[in-house]
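Single-letter residue listing:
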Amino acid sequence: MKQEDYLNSLRSKPSEQIQRIEAYAKNNGVPIMEPTGIEFLMQLIRLHQPSHILEIGTAIGYSAIRMLEASENSTIVTIERDPTRYSEAVSNVKQLGVENRIQILHGDALELEKEAAEKGPYDLLFIDAAKGKYEEFFHLYSPMLTEHGVIISDNVLFKGYVADDEQASPRMAKIAGKIRKFNEWLVNHPDYHTTIVPVGDGVAITMKK
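Every chain is numbered independently, its residues counted from 1 as its sequence is written. Residue-level local features of this predicted model are given only where pLDDT is at least 70; pairs of side-chain atoms are given and counted only at 80 or more, and the full residue set underlies all totals for whole chains, interfaces and linings. Values shown for side chains rest on all heavy atoms present in the structure; no hydrogens or waters enter the calculation.

1. Some remarks on the overall build of the protein chain
Part 1 of the argument: The number of helices and strands found in the protein chain is 8 helices and 7 strands.
Part 2 of the argument: The quantity called the radius of gyration is restricted to C-alpha atoms. Its globule counterpart is 2.2 Å times the number of residues to the power 0.38. Relative to its length of 209 residues, the protein chain is compact, with a C-alpha radius of gyration of 16 Å against a globular reference of 17 Å.
Part 3 of the argument: For the protein chain, with 209 residues in total, the buried portion stands at 47%.
Part 4 of the argument: Within the structure as shown, the protein chain displays about 10900 Å² of accessible surface, and the carbon and sulfur contribution to it stands at 49%. Segments assigned H or I by DSSP are reported as helices when at least four residues long, segments assigned E as strands when at least two residues long, and all are numbered from the N terminus. With a 1.4 Å probe rolled over the protein chains alone, any residue whose accessible area is under 20% of its type maximum counts as buried; one over 50% counts as exposed, and the rest are partly exposed. Residue-level accessible areas treat just the shown protein chains as cover; the underlying method is Shrake-Rupley with a 1.4 Å probe.

Set out below in structure tokens:
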């Protein structure tokens with residue numbers, strides 16, 4: 001898309017270490033946030049300045065590392081269940097020298113509630129893991145937020161398939177349907193205000209009423 005290409009052309013060039021991680025993700029099919037999405041997330045972090053962040057879905061540590069770039073005083077607890085990506089994330093975090101600020105938990109986020117709660121509370125919850133389980137993650141981890149905590153959910157437009165899945169494969173259409181259901185539940189939640197922003201792959205910003 002011309003608009004997306006234009007916005008990407010305005011993007012400030014990240015460090016060589018970040019470029020290396022981005023290239024690795026691209027070459028190995030690792031899903032990380034799209035360029036405009038990560039820039040938007042970083043700006044939200046700069047505005048909110050969360051002291052303690054909980055991330056569901058580490059992958060190879062890219063978004064956690066970028067969030068730290070946006071807030072020098074933040075610390076992050078992040079959860080990854082895939083053993084290979086967990087190891088890659090640990091390696092990337094060590095190479096950038098931020099292992100004292102990013103703690104990576106290995107396991108299924110639906111089974112690590114107690115361990116994550118012990119390390120809370122959190123000022124920001126970032127959900128970017130299994131798309132069909134977003135509502136479960138929300139239920140499980142939103143109670144760990146501070147009074148003015150913010151919840152950010154990525155991929156809520158899912159390649160545009162949430163709005164129109166006619167060209168999607170059966171698998172993609174099924175995932176899009178689950179995200180569509182989550183979006184509708186989220187924006188109608190009586191206890192939260194939510195705005196969905198069409199940047200990157202779609203970002204939902206949620207705050208308590």
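2. Section: the sheet that holds strand E3 (residues 102–106)
Part 1 of the argument: Taking strand neighbours across the sheet as the criterion, the 7 strands line up as E3-E2-E1-E4-E5-E7-E6 in an open arrangement whose pairing is mixed. Single-partner strands in this sheet number two, and they are E3 and strand E6 (192–197). Pairwise comparison of adjacent strand axes, ignoring direction, gives a mean angle of 15° for this sheet.
Part 2 of the argument: In the sheet, E6 pairs with strand E7 (residues 203–208) via 6 bridges, with the strands oriented antiparallel. The partner of Ile 196 across the bridge, within E7, is Ala 204.
Part 3 of the argument: For this analysis, residues touch if any pair of their heavy atoms sits within 4.5 Å. Each axis is a line fitted through C-alpha atoms, taken for helices only over the stretch in contact, and angles between the N-to-C directions span 0 to 180 degrees. Here helix H8 (residues 170–187) sits on the sheet and contacts strand E5 (145–154), E6 and E7; the angle it forms with E6, its principal contact strand, is near 135°. Pairing between strands requires that DSSP locate at least two bridges from one strand to the other.

3. Here's the deal with the environment of Phe 182
Part 1 of the argument: Structurally, Phe 182 is set in helix H8.
Part 2 of the argument: Taking the C-alpha atoms as reference points, Phe 182 and Leu 157, separated by 25 residues in sequence, lie 11 Å from one another.

4. Topic: the packing of helix H3 (residues 35–48) against helix H4 (residues 62–70)
Part 1 of the argument: The interhelical angle for the contact between H3 and H4, taken along N-to-C directions, is 40°, at an axis separation of 8 Å. Relative to H4, H3 is oriented oblique. In terms of crossing hand, the pair formed by H3 and H4 is right-handed. In this structure, H3 contributes Ile 38, Leu 41, Met 42, Ile 45 and Arg 46 to the contact, and H4 contributes Tyr 62, Ser 63, Arg 66, Met 67, Glu 69 and Ala 70.
Part 2 of the argument: Polar here means any residue other than Ala, Val, Leu, Ile, Met, Phe, Trp, Tyr, Cys and Pro, which are nonpolar, and Asp, Glu, Lys and Arg, which are charged; Gly is therefore polar. Residue composition of the contact of H3 with H4, by class: 7 nonpolar, 1 polar and 3 charged. With respect to orientation, any angle under 35 degrees is reported as roughly parallel, any angle over 145 as roughly antiparallel, any angle of 65 to 115 as roughly perpendicular, and every other angle as oblique. Crossing chirality is assigned from the near helix's rotation relative to the far helix, an anticlockwise turn below a right angle marking it left-handed and a clockwise turn marking it right-handed.

5. Focus on the nonpolar core
Part 1 of the argument: Leu 41, Ile 45, Met 67, Ile 76, Ile 102, Phe 126 and Ile 152 are the most contacted members of the largest nonpolar core, which has 32 residues in total.
Part 2 of the argument: Tallying contributions element by element places H4 first for this core, with 6 residues.
Part 3 of the argument: Beyond its immediate stretch of four places on either side in the chain, Met 67 contacts Leu 41, Ile 45, Ile 53, Glu 55, Ile 76 and Phe 126.
Part 4 of the argument: Among the buried residues, those of types Ala, Val, Leu, Ile, Met, Phe, Trp, Tyr and Cys that are joined through side-chain atoms within 4.5 Å form a nonpolar core. Counting residues in hydrophobic clusters, the runner-up holds 30 residues, among them Ile 79, Ala 129, Ile 151 and Phe 182.

6. So, H8
Part 1 of the argument: An ideal rise of 1.5 Å per residue puts 26 Å on 18 residues; H8 measures up with 26 Å between its terminal C-alpha atoms.
Part 2 of the argument: Three or more residues of H8 are buried, namely Ile 175, Ala 176, Ile 179, Phe 182, Asn 183 and Leu 186. Down the axis of H8, the buried set is contained in an arc of 120°. They therefore lie on one face. Exposed and facing more than 90 degrees away from the buried side of H8 are Pro 170, Lys 174 and Lys 181. Helices are assigned an expected span. That span is 1.5 Å times one less than the residue count. In this description, one arc is meant: the one made by directions from the helix axis to the C-beta atoms.

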